[in-house]
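Given next are the chains, with one letter for each unit.
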Amino acid sequence: MLRDLPALGRVSALLLAAGLATTLLAGPALATAQPPGLSDFRTGDGAYFTTVGGDQVDPYFVNKAFIVLLQARVDVRAELDGWLAWLLPRQRADGGFDRYCHAGDRDWMACRKADADDSTAATTIELLHLALRNGLLSDRVKSEMPAVVRGSETMLVRLKNPETGIYQVFADTPTYYLMDNVEVYTALVASGRTKAADALASAIRHQFDQGRSWQPAFPRFEHQSFYPHVLARTFLWVPGVFTTRAEAGSDMASWMAQYGDRWRRRTDDHFAWGLVAWNLHQLAPIEAACWRHSVRPYSTAIGWTVLDAGVDAALQHSGIGVGCPR
């Protein structure tokens with residue numbers, strides 16, 4: 001979390017620090033028919049930049065992109081193997097990962113701490129277990145997986161508040177995000193730790209469910225913003241865990257009526273927030289198609305990340321087009 005940019009959301013601040021601000025302010029936006037795809041983010045050695053033309057690799061964004069692609073059953077075996085071969089040896093002794101920069105002709109170096117230690121650990125665990133279950137791990141990665149998973153689990157143990165049962169973003173930062181804790185929950189489910197997942201689900205409800213609304217973070221933010229306040233609810237739309245299918249559909253309809261245009265038109269910030277489209281595509285495929293329509297023709301004024309590219313490809317593979325009735 002970038003503490004020197006307190007007015008921005010955690011992800012927004014990351015993207016600006018990663019070089020997107022330079023792109024947005026460099027001059028007239030350039031328009032192309034299609035937004036950048038996953039291959040446009042490649043570094044050439046297995047990794048993926050967070051933004052096109054950027055200079056940073058953030059494991060969280062790349063992990064999440066591959067999780068979405070695997071959930072959509074997109075064939076990314078070769079790309080995934082290259083990414084994991086790049087990522088896993090860079091795990092720190094404490095089980096965490098940093099963000100990495102390419103410094104001239106030198107090799108990659110850790111240049112910033114992770115966007116969030118809890119989410120990065122969670123997505124590493126979830127991605128490895130999803131890939132293993134789908135038979136996508138090479139023998140080399142399989143041999144490395146147990147130690148990497150143990151390291152990520154050790155990191156999560158350090159981040160868990162024993163009194164509340166929820167996870168904080170960094171060991172030295174007692175801030176708790178609803179979205180991050182949902183990602184830890186899905187990692188526990190993916191790794192078969194059902195008892196721990198059930199306990200966390202209960203803790204999430206107890207700590208974040210305010211009755212008529214969900215608190216996006218603790219401590220509470222002084223001012224409400226699109227991230228995390230508006231986006232937090234979208235992580236709860238997967239039916240069967242925190243909501244029934246009917247409840248998820250009802251909340252999604254309410255959210256879209258209130259925030260749908262702001263999200264698609266990017267009136268609060270420049271970012272595409274493709275993860276929202278993925279979170280709603282099963283219950284509202286037309287809305288997901290309208291999101292794909294909203295980023296076409298693509299303009300460099302859109303805050304487009306490797307995660308958005310993954311979502312766009314996953315939606316296309318799932319049969320969701322770009323036609324929007326509105």
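Asker: Would you take a moment to explain unusual backbone geometry for this structure?
Answerer: Both trends apply: most residues other than glycine have a negative phi, and most peptide bonds are in trans. The step from F218 to P219 runs through a cis peptide bond, and the omega angle for that step is -5°. Residue position: P219 is located in the loop between β6 (217-218) and α8 (226-232). Residues Y227 and P228 are joined by a peptide bond in cis, for which omega reads 5°. Even without being a glycine, R266 presents a positive backbone phi close to 55°. Here R266 shows up in the loop between α9 (245-265) and α10 (274-280).

Asker: Before we go on, may I ask you to explain the packing of helix α2 (residues 59-71) against helix α12 (residues 306-317) in this structure?
Answerer: Any two packed helices are characterised by how steeply their axes cross, that is the angle between the axes, and by the distance between the axes. Taken N-terminus to C-terminus, the directions of α2 and α12 make an angle of 5°; their axes are 8 Å apart at the nearest point. Between α2 and α12, the interaxial angle falls into the category roughly parallel. Residues F61, V62, K64, A65, V68 and L69 of α2 touch α12, and the partners they reach there are V306, L307, G310, V311, A313 and A314. In terms of residue class, the contact of α2 with α12 is made up of 10 nonpolar, one polar and one charged.

Asker: Teacher, can you tell me more about the pattern of salt bridges here?
Answerer: Two side chains of opposite charge can pair, provided their charged atoms sit close to one another. Scanning all chains against the criterion turns up 16 salt bridges. One salt bridge in this structure joins R158 and D94, with 3.6 Å as the shortest N-O distance. Pair noted here: R158 is in helix α5 (residues 139-159) and D94 is in the loop between α3 (77-87) and β3 (98-102), with a separation of 64 residues, a long-range link. By relative accessible area, D94 is classed as partly exposed at 28%. E153 is the salt-bridge partner of R193, the closest N and O atoms lying 3.8 Å from each other. Of this pair, R193 sits in the loop between α6 (178-190) and α7 (194-208) while E153 sits in helix α5, and the two are 40 residues apart along the sequence. Taking relative accessible area as the criterion, E153 reaches 24% and is therefore assigned partly exposed. Here the residues in one salt-bridge network are R92, D94, D98, D117 and R158, joined through shared partners.

Rules used throughout
- Residues numbered from 1 in each chain as written.
- Predicted model: local features only at pLDDT ≥ 70, side-chain atom pairs only at ≥ 80, totals over all residues.
- Heavy atoms only, no water.
- Helix = DSSP H or I, 4+ residues; strand = E, 2+ residues; numbered from the N terminus.
- Axes fitted to C-alpha atoms, helices over the stretch in contact; angles between N-to-C directions.
- Parallel < 35°, antiparallel > 145°, perpendicular 65-115°, else oblique.
- Contact = heavy atoms within 4.5 Å.
- Nonpolar A, V, L, I, M, F, W, Y, C, P; charged D, E, K, R; others polar.
- Salt bridge = Lys/Arg side-chain N within 4 Å of Asp/Glu carboxyl O.
- Buried < 20%, exposed > 50% of the residue type's maximum accessible area, 1.4 Å probe, protein only.

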